Amino acid sequence: MLDPRLVRTDLDAVAKQLARRGFQLDTAAFAELEARRKAVQSRTQELQSERNARSKSVGQAKARGEDVTPLLAEMQGFGDELKRNEQQLDAIQRELEDLLLNIPNVLDGDVPDGASDADNREMFRWGEPRCFEVPPKEHFDLGTALGGMDFEAAVKITGSRFVTLQGPLARLQRALTQFMLDMHTTEHGYVEAYVPFMVNADSLRGTGQLPKFETDLFKLVRDPPYYLIPTAEVPVTNLVRDEIVEADRLPLKWVCHTPCFRSEAGSYGKDVRGMIRQHQFEKVELVQITRPEDSSAAHEALTAHAEAILKKLDLPFRRVVLCAGDTGFSSAKTYDLEVWLPGQNAYREISSCSNFRDFQARRLRARWRNPDTGKPELAHTLNGSGLAVGRTLIAVMENYQDGEGRVVVPDALLPYMGGLRTIG
RNA sequence: GGAGAGGUGGCUGAGCGGUUUAAAGCGGCGGUCUUGAAAACCGUUGAUGGGAGACCAUCCGGGGGUUCGAAUCCCUCCCUCUCCGCCA
């Protein structure tokens, strides 16, 4: 959520900022609603003040043993007007809140203009894509031929956009997970977290998935509803919801491995084959909570932590900065890491690292105590995939295929594979 | 699932219809003392919203109600703890 005070006082400038993303802020409607809020709020508070004063004098008169019936008679009908105003104010504030919750974050100044992913700007490439003597296969062809990667079984068990893994490929996915967790905890200073895979609506509102993106989520039939997490970002970032963190504890750095569940509504026909786009996938997530002045540096560091995994696995990748139109709702600036997939002959997203500034923190009421002022102030939140494990599995399979249908285990994963050097 | 006890400021915890505008302690901040620090002592210290400001309003788990007036009474939901039962 944006700072309501900022939106109020600098409406046109905010609208101009948001237009970069293609978001149309109805400034006239907002200004009108805000004017009504102000009028009704002043009137309501006036009435409340009067009620408090009169009630107090009733109490005092009673204490002196005086007859209070004339005082009470004077207040006939007073409560009705107050109640009307309070209800009106409540409705207006709800409307304002609804409006504010649906406004995306303002972008950092260095986010490039652009409308879609076609306008994202490549910053650099790392690693040389291998030359293959025979055309490299896609992971699903490799996996089904090797055995152990079975999409049909998943369709039978559940439906489309799921997969089953068995044997060495299942182990390879676990090895990748362990490797990532070990790197981030021992070399990058993250604390490992285990969290619920179902969350309540408040948590999703806090990180920005609700109210706008409910159709992307799996909702459980229950009252009140729970939702399957679309990313560990939700439960982990919500660790600081309604908290005031002491300054000396910052930055908070968590790494967390969870399954992620996404309905993929609206992605019909996209990446229908293979493991690229599934309803359920494994991800290792990095989350940081920082002081406001530290978040830009933390964003660079966190992205480098995700890149370190790709480098250790010797997987070619590139970093792109998302353009204005492609940056997510809650994010002020996002880097995507795209890994080279020889089978697709393309770079594909494997990590997304975002700085949310105080946008999530305001929704979460996630604060820290600033020692300079002694006051609680909004913290900054960041997160990034470190990495999407399912897609890393794909990348390893495609980049490490030997041309004869086998997959060589990357050196970095050997300690996790129980001596297995080749799959197939 | 059964029985009981509770949810109050950063934390502990008192208050159970009207001098509570939420006591007290801890912690934090400032000061005295000290070469420095600790201890001791003195002072100070909740959050959110509105207002240029003096100030005003709201907040005692969430929502609703009773009342001139609710942290306090009523309804409802959520959560925590203790005992019993069941269970990976």
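If you're wondering where the values come from, they're calculated on a predicted model, not measured in any experiment.

J.: Please clarify how the environment of leucine 310 should be interpreted in this entry.
T.: Within the secondary structure, leucine 310 is located in helix α11 (residues 295–312). Judged by its relative accessible area of 0%, leucine 310 is buried. Note: C-alpha distance between leucine 310 and alanine 395 (85 residues apart in sequence) is 9.8 Å. Ignoring any residue separated from it by four or fewer positions in sequence, one finds leucine 310 in contact with Trp126, Leu315, Phe317, Leu337, Val339, Ile350 and Leu387.

J.: Mind showing me how you'd approach the protein's contact with RNA strand B here?
T.: Surrounding RNA strand B, one finds 22 residues, the nearest of these being Arg8, Gln48, Arg51, Ser55 and Lys62. Within the side chain of glutamine 45, one N or O atom sits 3.5 Å away from a base nitrogen of RNA strand B. Between RNA strand B and serine 55 there is a distance of 2.7 Å, counted from a base nitrogen to a backbone nitrogen or oxygen. Those elements that place two or more of their residues in the surface near RNA strand B are α1 (4–9), α3 (27–63) and β14 (367–369). The element best represented in the surface near RNA strand B is α3, accounting for 12 residues. Looking at the surface near RNA strand B residue by residue, the classes come out as 5 nonpolar, 7 polar and 10 charged.

J.: Teacher, can you tell me more about the state of the cysteines here?
T.: Two cysteines joined by a covalent bond between their sulfur atoms form a disulfide. Inspection of the entire model under this criterion finds 0 disulfides. The thiol of cysteine 256 is unpaired, and the distance to the nearest cysteine sulfur, on cysteine 260, comes to 9.1 Å. Relative accessible area serves as the criterion here: at 1%, cysteine 256 is assigned to the buried category.

J.: It is not clear to me how the sheet that holds strand β5 (residues 198–200) should be interpreted in this structure. Could you clarify?
T.: Where strands meet in a sheet, backbone hydrogen bonds hold them as pairs that are either parallel or antiparallel. An order of β5-β7-β6 is seen for the 3 strands of this open sheet, with the pairing classed as antiparallel. A single partner strand is all that each edge strand has here, and the edge strands are β5 and β6 (219–220). Examined bridge by bridge, β6 and strand β7 (residues 226–228) share 2 bridges and lie antiparallel to one another. If you follow leucine 220 over to β7, its bridge partner there is tyrosine 226.

J.: Whenever I open this one, the sheet that holds β14 confuses me. Can you help?
T.: Spatial strand order, β8-β14-β15: 3 strands in an open sheet with mixed pairing. Edge positions in the sheet fall to β8 (244–246) and β15 (376–378), since each has one partner strand and no second. Here the strands of the sheet are splayed against their neighbours by 40 degrees on average, with no regard to which way each runs.

J.: Explain the side chain of asparagine 238 to me, please; I cannot follow it from the model alone.
T.: Secondary-structure assignment places asparagine 238 in the loop between α10 (233–237) and β8. On the basis of relative accessible area, asparagine 238 is assigned to the buried category, the value being 10%. At 2.6 Å, the side chain of asparagine 238 forms a polar contact with the side chain of arginine 241. Those residues in contact with asparagine 238 that sit more than four places away from it in its chain are Asp202, Ser203, Thr207, Glu233 and Leu364.

J.: Teacher, can you tell me more about the pattern of salt bridges here?
T.: A side chain with one charge may pair with a side chain of the opposite charge, provided their charged atoms come close. Tallied over the entire structure, the rule returns 28 salt bridges. Arginine 43 is paired through a salt bridge with glutamate 81; the nearest N and O atoms lie 2.7 Å apart. With a gap of 38 residues between them, arginine 43 in helix α3 and glutamate 81 in helix α5 (residues 78–101) connect regions that are remote in the sequence. Of the residues examined, glutamate 81 reaches a relative accessible area of 27% and is grouped as partly exposed. Salt-bridge contacts for arginine 406 lead to glutamate 404; the nearest nitrogen and oxygen are separated by 3.3 Å.

J.: Looking at this model, I keep getting lost on the side chain of asparagine 120. Mind explaining?
T.: Its place among the elements puts asparagine 120 in the loop between α5 and β1 (121–126). Taking the relative accessible area as the measure of exposure, asparagine 120 reaches 17% and is therefore buried. Here the side chain of asparagine 120 touches cysteine 323 through a polar contact of 2.8 Å, landing on its backbone nitrogen. Aside from chain neighbours lying at most four places away, what touches asparagine 120 is Val320, Val321, Leu322, Cys323 and Asp326.

J.: Any chance you could explain the pairing of strand β10 (residues 280–290) here in plain terms?
T.: Two faces, one strand: in a regular strand the side chains alternate between the faces of the sheet. For β10, a buried count of 10 out of 11 residues is recorded, marking the element as mostly surrounded by other parts of the structure. Across 10 bridges, the pairing between strand β9 (residues 252–261) and β10 is antiparallel. Directly across from phenylalanine 261, in β10, lies its bridge partner glutamine 280.

J.: Quick question: what am I supposed to make of the environment of glutamate 81 here?
T.: Spatially, the C-alpha atom of glutamate 81 lies 58 Å from that of glycine 269, the residues being 188 residues apart in sequence. Ignoring any residue separated from it by four or fewer positions in sequence, one finds glutamate 81 in contact with Arg43 and Leu47. Of note is the side chain of glutamate 81, whose polar atom sits 2.7 Å from the side chain of arginine 43.

J.: What is the right way to look at α3 in this model?
T.: Along an α-helix, residues three or four positions apart point the same way, because every turn accommodates 3.6 residues. Here α3 contains 37 residues, and its C-alpha end-to-end distance of 53 Å stays within 8% of the 54 Å for a straight helix at 1.5 Å per residue. When α3 is considered as a whole, its buried residues turn out to be Phe30, Leu33, Glu34, Arg37, Val40, Thr44, Leu47, Val58 and Ala61. Here the buried face of α3 lies against α1, α2 (11–19), α4 (69–74) and α5. Backbone geometry just downstream of α3 places glycine 65 in the positive-phi region, at approximately 80 degrees.

J.: Help me understand unusual backbone geometry, please; the structure alone is not making it clear to me.
T.: Most peptide bonds are trans, and most residues other than glycine sit at a negative phi. Following leucine 210, the chain continues into proline 211 via a peptide bond in cis, with omega recorded as 5 degrees. Structurally, the position occupied by proline 211 is in the loop between α9 (201–207) and β6. That bond from leucine 250 to proline 251 is cis: its omega, -5 degrees, falls within 30 degrees of zero. Counting through the fold element by element, proline 251 comes out in the loop between β8 and β9. Unlike most non-glycine residues, aspartate 314 shows phi in positive territory, near 55 degrees.

Scoring rules and cut-offs
- Residue numbering note: each chain is counted from 1, following its sequence as written.
- Throughout, the order in which chains and ligands are written sets their labels, letters from A for the former and numbers from 1 for the latter.
- Where totals are concerned, whole chains, interfaces and linings use all residues; where local detail is concerned, this predicted model gives features only for residues with pLDDT of at least 70, and gives and counts side-chain atom pairs only at 80 or more.
- Calculation of side-chain values draws on the structure's entire complement of heavy atoms; hydrogens and water are dropped beforehand.
- Numbering of helices and strands runs from the N terminus; a helix is a DSSP stretch of H or I covering at least four residues, while a strand is a stretch of E covering at least two.
- Remark: exposure states derive from per-residue accessible area (1.4 Å probe, protein chains only) relative to the maximum for the residue type, with buried under 20%, exposed over 50%, and partly exposed in between.
- By the convention used here, residues are in contact when the closest approach between their heavy atoms is within 4.5 Å.
- Whether a residue is near a molecule or strand depends on its heavy atoms: if one lies within 4 Å, it is near.
- Any N or O atom pair separated by 3.5 Å or less is treated as a polar contact, with the protein-specific requirement of one donor-capable and one acceptor-capable atom, and with residues adjacent in sequence counted only for side-chain atom pairs.
- Note that Gly is not counted as nonpolar here; it falls among the polar residues with everything else outside the nonpolar set of Ala, Val, Leu, Ile, Met, Phe, Trp, Tyr, Cys and Pro and the charged set of Asp, Glu, Lys and Arg.
- Any cysteine sulfur atom paired with another within 2.5 Å is treated as part of a disulfide.
- Any two strands are treated as partners once DSSP identifies two or more bridges connecting them.
- To define axes, lines are fitted to C-alpha atoms, for helices over the stretch in contact only, and angles between the resulting N-to-C directions are given on a 0 to 180 degree scale.
- Between Lys or Arg on one side and Asp or Glu on the other, a salt bridge is scored when a side-chain nitrogen of the former is within 4 Å of a carboxyl oxygen of the latter.
- Helix span, as expected, comes to 1.5 Å for every residue beyond the first.

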